[in-house]
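# Structural description and commentary
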Amino acid sequence: MNCFLDRDGVFNIDNQYIGTKEWFIWYQEIFKILEILKSQGYKFKLITNQSGISRGLFSLQDFLKLSFYFLETLNKKGFDIEIRFCPHLPSENCHCRKPKPNMILCHSITNDDIFIGDKNSDMQAAFEARIPNRWIISPNPSGPYTKSFIDHKELISFFKK
């Protein structure tokens, strides 16, 4: 079973174009969410658009340094995660950028798979990839989601039901 997750807005506060760890602020609740999902047998896949690279706001090297910090932090807490990212601008109309599903489609999708995101583009990509459980964390949910949560705490409460 796979749990696909967006990065900015799910793992960290989305202050737009986060390319260095100095700007990366974790949502502390994400660790509890991962713990619950891991205990249920989920494997984690990060699916993230990172157009800040093509915009020149941070370099690929900056993104990779942040990704190693991200992986190291999660690993120390007992979580493994695979990272897939798209560095392209929306105007480049590439095949990997969400809302297109191609970063997801390299995995086999099952009826138990989940995508957790915070934007319409996340939900659209998950829908196009036929992920049955599309959960959005947003006070104003949009897109073809199957469950919505105002914030991370509400998602944790969902598991406790």
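Structural data are supplied above this passage.
This part takes up the nonpolar core. Leu 5, Phe 11, Ile 30, Leu 37, Phe 44, Leu 74 and Ile 116 are the most contacted members of the largest nonpolar core, which totals 29 residues. Listed by contribution, the elements that provide at least two residues to this core are β1 (2–5), α1 (29–39), β2 (43–49), α2 (60–76), β4 (114–117), β5 (133–137) and α4 (152–159). Ile 30 has contacts with Leu 5, Val 10 and Phe 11, leaving out every residue within four places of it along the chain. Within the second largest apolar cluster, 13 residues are counted, among which are Phe 4, Cys 94, Phe 115 and Ala 125.

Judged by side-chain polarity, Leu 60, Leu 64 and Phe 68 come together as a nonpolar surface patch covering roughly 290 Å² of accessible area. Looking at the element boundaries, Leu 64 is found in helix α2.

With that settled, consider the sheet that holds β4. Ordered by their spatial adjacency, six strands build an open sheet running β3-β2-β1-β4-β5-β6, and the pairing between neighbours is parallel. A single partner strand is all that each edge strand has here, and the edge strands are β3 (81–86) and β6 (147–149). Averaged over all adjacent pairs, the angle separating strand axes in this sheet is 20°, with direction ignored. Strands in contact with α2 are β2 and β3; relative to β3, the strand with the most contacts, it is inclined by about 160°.

Turning our attention to the packing of aromatic side chains. Within the structure shown, the criterion is met by 16 aromatic pairs. Measuring from centroid to centroid gives 5.1 Å for Trp 26 and Phe 31, while their planes differ by 40°, and the two rings are tilted. Here Trp 26 matches Phe 31 in class, with each residue buried. Geometrically, the ring pair formed by Trp 135 and Phe 149 is edge-to-face, given 5.9 Å between the ring centres and 65° between the ring planes. Of this pair, Trp 135 sits in strand β5 while Phe 149 sits in strand β6, placing them 14 residues apart in sequence. What links up through ring pairs into an aromatic cluster is the set Phe 11, Phe 24, Trp 26, Phe 31, Tyr 69 and Phe 70.

Across its 17 residues, α2 extends 24 Å between first and last C-alpha, which sits within 8% of the 24 Å expected from 1.5 Å per residue. Within the sequence span of α2, burial applies to Phe 63, Leu 66, Ser 67, Phe 70, Thr 73 and Leu 74. Viewed end-on, α2 has its buried residues packed into an arc of 125°, placing them on one side of the element. In this structure, α2 carries Gln 61, Lys 65, Phe 68 and Lys 76 as exposed residues pointing more than 90 degrees from its buried face. On its buried face, α2 sits against α1, β2 and β3. Gly 78 occupies a position one or two residues after α2 and carries a positive phi of about 90°.

The rules behind each value
- Residues numbered from 1 in each chain as written.
- Predicted model: local features only at pLDDT ≥ 70, side-chain atom pairs only at ≥ 80, totals over all residues.
- Heavy atoms only, no water.
- Core = buried A, V, L, I, M, F, W, Y, C linked by side-chain atoms within 4.5 Å.
- Buried < 20%, exposed > 50% of the residue type's maximum accessible area, 1.4 Å probe, protein only.
- Helix = DSSP H or I, 4+ residues; strand = E, 2+ residues; numbered from the N terminus.
- Contact = heavy atoms within 4.5 Å.
- Patch = residues over 30% accessible without salt bridge, like charges linked within 9 Å, V, L, I, M, F, W, Y side chains within 5 Å.
- Areas by Shrake-Rupley, 256 points an atom, 1.4 Å probe, with all protein chains shown as cover.
- Salt bridge = Lys/Arg side-chain N within 4 Å of Asp/Glu carboxyl O.
- Pairing = 2+ DSSP bridges.
- Axes fitted to C-alpha atoms, helices over the stretch in contact; angles between N-to-C directions.
- Phe/Tyr/Trp six-rings, centres within 6.5 Å; stacked < 30°, edge-to-face > 60°.
- Expected span 1.5 Å × (residues − 1).
- Arc of directions from axis to C-beta.

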